[in-house]
Amino acid sequence: MRVRDAQPEDNAALVDLASRCAMDGDLSLCIDRRPDFFALNRIGGDGWRVGVVDGDDGPIACVAAALRPAFVDGRPALLGYVGDLKVHPAHRRRGAARVLARWAQAAARELAGPDAPLIGTVLAGNDAVEMLRRQVEPGVRRRATIRSHSIDLLTRRRIPPSGLTVSVAEPADEPDMVELWRRLAAFRQFAPVCDSFPMARPGLEYLLARRPGGELAGFVGLWNQHGIKQMRVTGYSPRMAAVRAVFNVAAPLLRVPGLPRTGGELSYRTVANPCAPDAATLRFLLRHACNRLHGLHSFLTVGLDVRDPLSRALTGLRAQPTDVDLLVLGGPADRGTPVHFEIATV
């Protein structure tokens, strides 16, 4: 098996491949990357490559490697990201994943440097990763569990008085956002180094929380990613089927989108760049975000390290959890520092 770099003409085959690779769980999903498979790669990394393995009729498997400036032990550094490992169901257990994992490791080292840490994610409980760790790179370790919290938007949320005010970010707010991000993100391992925040990106807006004197207290991005990827339901567990039935009874009464049938597309937004000094500030922003999106979408999704004190912000928000393991090769030892990972870039 040989790996080659993907080309623009592979787009249709890679979009089809992504649609065939479901993430199984209580709510089983596949990521539909129409119309442009490579759009997410361009957004997610400063430098990137996509490797493919061909079958008789084109790509049957792929993987991506990217360069990402990030905070490592509180200082800006470079790390490599490995993701998008997909193998067509009809071609699994033939060695494609192993070959692609080796290619991605080499490609990420080439992009980020020979000593840079490498990170990747996989759905928790995926036994295939242990196989890859044994056969490809024994140094890979599970560094953290990133919990993706899906908050339902059935009802508006009560917002207790806090002294904070909320507004939608304008270009003039960007310097304050960059300064606050640098100050807070450095305390979270692998948080991206952000010198700007894209105010003009389609479907993305930021909510700011300010203190009475005007000081920026925190912010969250609310990203509608429909233009670059869609989440399609491939199945419901018995428990989630019951949740769907209850949700869909209430949805028309509350004027919110219901949960789709199998094959349908979820209506949701993803939190990007959550930035807050404490759980209370993040909870305040998330409640405002839920109210802003009520009636427009079914869910708001935010990903946080389960050890992160900010995760207490989700208490009482009726969030459905999905756990993802963050894998690391190289880099500093785990000293208990919370990890930051942008689930919007997966």
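Here the structure is a predicted model, which is why all the values come from computation and not from measurement. (Residues numbered from 1 in each chain as written. Predicted model: local features only at pLDDT ≥ 70, side-chain atom pairs only at ≥ 80, totals over all residues. Heavy atoms only, no water.)

(A) Focus on the overall build of the protein chain. Scanning the protein chain from terminus to terminus reveals seven helices and 15 strands. Over its C-alpha atoms the protein chain spans a radius of gyration of 20 Å, differing by no more than 12% from the 20 Å that the globule rule assigns to 346 residues. Overall size of the protein chain, expressed as C-alpha extent along the three principal axes, is 60 × 50 × 35 Å. Within the protein chain, the fraction of its 346 residues that count as buried is 51%. When contacts within the protein chain are restricted to residue pairs at least 6 apart in sequence, those whose partners lie at least 24 apart make up 76%. With an accessible surface of roughly 15,800 Å², the protein chain has 53% of that area assigned to carbon and sulfur atoms. Counting 45 positive and 36 negative side-chain charges, the protein chain places the centres of these two groups 5 Å from one another. (Helix = DSSP H or I, 4+ residues; strand = E, 2+ residues; numbered from the N terminus. Rg over C-alpha atoms; globule rule 2.2 N^0.38 Å. Buried < 20%, exposed > 50% of the residue type's maximum accessible area, 1.4 Å probe, protein only. Contact = heavy atoms within 4.5 Å. Areas by Shrake-Rupley, 256 points an atom, 1.4 Å probe, with all protein chains shown as cover. Lys, Arg positive; Asp, Glu negative; His and termini not counted. Charge placed at Lys NZ, Arg CZ, Asp CG, Glu CD.)

(B) Geometry of unusual backbone geometry. Of note, the bond from Arg34 into Pro35 is cis; its omega dihedral lies within 30 degrees of zero at 0 degrees. With respect to the helices and strands, Pro35 occurs in the loop between strand E3 (27-32) and helix H2 (39-44). Positive phi outside glycine occurs at Asp73, with the angle close to 55 degrees. With respect to the secondary-structure elements, Asp73 resides in the loop between strand E5 (58-72) and strand E6 (75-87). Owing to a relative accessible area of 44%, Asp73 belongs among the partly exposed residues under this scheme.

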